[in-house]
Amino acid sequence: TFCYGAIYPDYTPTTRDAAPDSVWKIFPKERHPQEILAHPTWSWGSMRVRDLLETLPEIDQGKVAIAGQSRMGKNAIETGVHDARFALVCANCGGTKSIKFLPNLRYPHWFSGKIKPYVSRDKLSQPLETLMAEAAKFPDPPFDQSAFVACIAPRALVISSTEDRTSPPAASRMLFNEANHVFGLFGKSIGWHVKAGPHSITHEDWRAFMDYACTVLKWR
């Protein structure tokens, strides 16, 4: 494990730009993208940790997983999509809702401004019915989060959710159904876990991840 804030600080308030204090300061400015965003930077950090693991002979390189909670759950998905060296992705309470449900510009350094036309900045921790009613006011994005998640296939993915409004299981289930169709084309299925309680990662979630690794992937 490592602290994502060492790669790109997650400042509060979220309107504060952390890029000058992030890993981007080691790169020449001419190499900077137009948008310096937290999520791709955090994923870059995870991939550099994966580079390190490749140098350790005691690590089984075919059994490396990435897990994260909330925004790091979303980031685990992003990292898994871009780095096929992660055989298992565990997304806990994050990254499993439609783009149209995102509270976009509340977090201007997390998400690209390119998704602004598809979302409302006022949707945060709302019941699914409210999210859907608000989302109906905006056009459909050309690709939604389920298409992105499906890029992990045919590798393994476990989605975990809680009975809270930040990551409602009903919203996650919609993405699960859409992405799982793609996994099914490879004879695979996404793992699914819902627990009672607040927006959190607990021993119950870790047991679900490990049970999937042991029973489905046959990791020992």
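Everything below is about the structure shown above.
Cut-offs and rules
Residues numbered from 1 in each chain as written. Predicted model: local features only at pLDDT ≥ 70, side-chain atom pairs only at ≥ 80, totals over all residues. Heavy atoms only, no water. Helix = DSSP H or I, 4+ residues; strand = E, 2+ residues; numbered from the N terminus. Rg over C-alpha atoms; globule rule 2.2 N^0.38 Å. Buried < 20%, exposed > 50% of the residue type's maximum accessible area, 1.4 Å probe, protein only. Contact = heavy atoms within 4.5 Å. Areas by Shrake-Rupley, 256 points an atom, 1.4 Å probe, with all protein chains shown as cover. Lys, Arg positive; Asp, Glu negative; His and termini not counted. Charge placed at Lys NZ, Arg CZ, Asp CG, Glu CD. Core = buried A, V, L, I, M, F, W, Y, C linked by side-chain atoms within 4.5 Å. Phe/Tyr/Trp six-rings, centres within 6.5 Å; stacked < 30°, edge-to-face > 60°. Lys NZ or Arg CZ within 6 Å of the ring centre and 35° of its normal. Polar contact = N/O pair within 3.5 Å; in protein donor to acceptor, adjacent residues only side chain to side chain. Salt bridge = Lys/Arg side-chain N within 4 Å of Asp/Glu carboxyl O. 1 Å grid on protein atoms, 1.4 Å probe; cavity = no way out; pocket = protein on both sides within 12 Å on 5 of 7 lines; lining within 4 Å. Points joined across faces, edges and corners; volume = space filled by probe spheres on them. Nonpolar A, V, L, I, M, F, W, Y, C, P; charged D, E, K, R; others polar.

Chemist: What should I look at first to understand the overall build of the protein chain in this one?
Modeler: Per the secondary structure count, the protein chain includes 6 helices and 4 strands. Relative to the 2.2 N^0.38 estimate, which gives 17 Å for 220 residues, the radius of gyration of the protein chain is 17 Å and therefore close to what a compact globule would have. Its C-alpha atoms put the protein chain at 45 × 45 × 30 Å along the principal axes. Taken over 220 residues, the protein chain has a buried fraction of 47%. A fraction of 62% describes how many contacts in the protein chain between residues 6 or more apart in sequence connect residues 24 or more apart. Per element, the accessible surface of the protein chain, about 11500 Å² overall, is 59% carbon and sulfur. For the protein chain, the distance from the average site of its 26 positive side-chain charges to the average site of its 22 negative ones is 1 Å.

Chemist: I tried to follow the nonpolar core on my own but got confused; where do I start?
Modeler: Generally speaking, soluble globular proteins have nonpolar side chains that are buried together. With 19 residues, the main nonpolar core has Ile 77, Val 89, Ile 152, Leu 157 and Ile 190 as its most contacted residues. Of all the elements in the fold, those that place two or more residues in this core are helix H2 (71–82), strand S2 (88–92), helix H4 (145–150), strand S3 (156–162) and helix H5 (169–185). Of all the elements, H5 adds the most residues to this core, at 4 residues. With residues up to four places along the chain from it excluded, the contact list for Ile 190 reads Leu 157, Ile 159, Phe 176, Ala 179, Asn 180 and Phe 183. Within the second largest apolar cluster, 16 residues are counted, among which are Trp 42, Met 72, Tyr 107 and Tyr 118.

Chemist: Looking at this structure, I do not really get the packing of aromatic side chains. What am I missing?
Modeler: For any pair of aromatic rings, the description rests on two quantities: the centre-to-centre distance and the angle between the ring planes. Inspection of every chain in the model, using the stated rule, returns 8 aromatic pairs. Ring centres 5.3 Å apart and planes at 55° place the aromatic pair Phe 176 and Trp 192 in the tilted group. With Phe 176 in helix H5 and Trp 192 in strand S4 (residues 191–195), this pair connects stretches of sequence that are 16 residues apart. The class of Trp 192 is partly exposed, set by a relative accessible area of 28%. Through a chain of ring-to-ring contacts, the aromatic side chains of Tyr 4, Tyr 8, Trp 42, Trp 110 and Phe 111 assemble into a single cluster. One cation-aromatic arrangement involves Arg 16 over Tyr 11; the distance from NZ or CZ to the ring centre is 3.8 Å. We note Arg 173 situated over the ring of Trp 192; from NZ or CZ to the ring centre the distance is 4.9 Å.

Chemist: Teacher, can you tell me more about the side chain of Asn 92 here?
Modeler: On the secondary structure map, Asn 92 appears in strand S2. Relative accessible area serves as the criterion here: at 0%, Asn 92 is assigned to the buried category. A polar contact is formed between the side chain of Asn 92 and the side chain of Ser 160, at a distance of 2.9 Å. If we skip the residues at most four places from it in the chain, Asn 92 touches Gly 68, Gln 69, Ser 70, Gly 73, Ser 160, Lys 195, Ser 200, Ile 201, Asp 205 and Phe 209.

Chemist: Which parts of the structure should I look at to understand the pattern of salt bridges?
Modeler: For side chains bearing opposite charge, pairing can occur when the charged atoms are close. Here the structure, examined in full by the defined rule, presents 9 salt bridges. Its salt-bridge partner being Lys 63, residue Asp 60 comes within 3.9 Å of it at the nearest N-O pair. Residue classification places Asp 60 among the partly exposed residues on the basis of a relative accessible area of 43%. Shared partners join several salt bridges into a network, and the residues in it are Arg 48, Asp 51, Glu 54, Asp 83 and Arg 85.

Chemist: Please clarify how the layout of surface pockets should be interpreted in this entry.
Modeler: A water-sized probe rolled over the atoms picks out the places where empty space is left. Counted as a void, the largest pocket has a volume near 790 Å³. Lining the largest pocket we find 29 residues, and of these Thr 1, Ala 65, Ile 66, Ala 67 and Trp 206 sit closest to its centre. Elements with a contribution of two residues or more to the lining of the largest pocket: helix H1 (38–53), strand S1 (65–69), H2, S2 and helix H6 (203–215). Taken together, the residues of the lining of the largest pocket sort by class into 22 nonpolar, 5 polar and 2 charged.

Coordinates in, geometry out; function isn't part of it.
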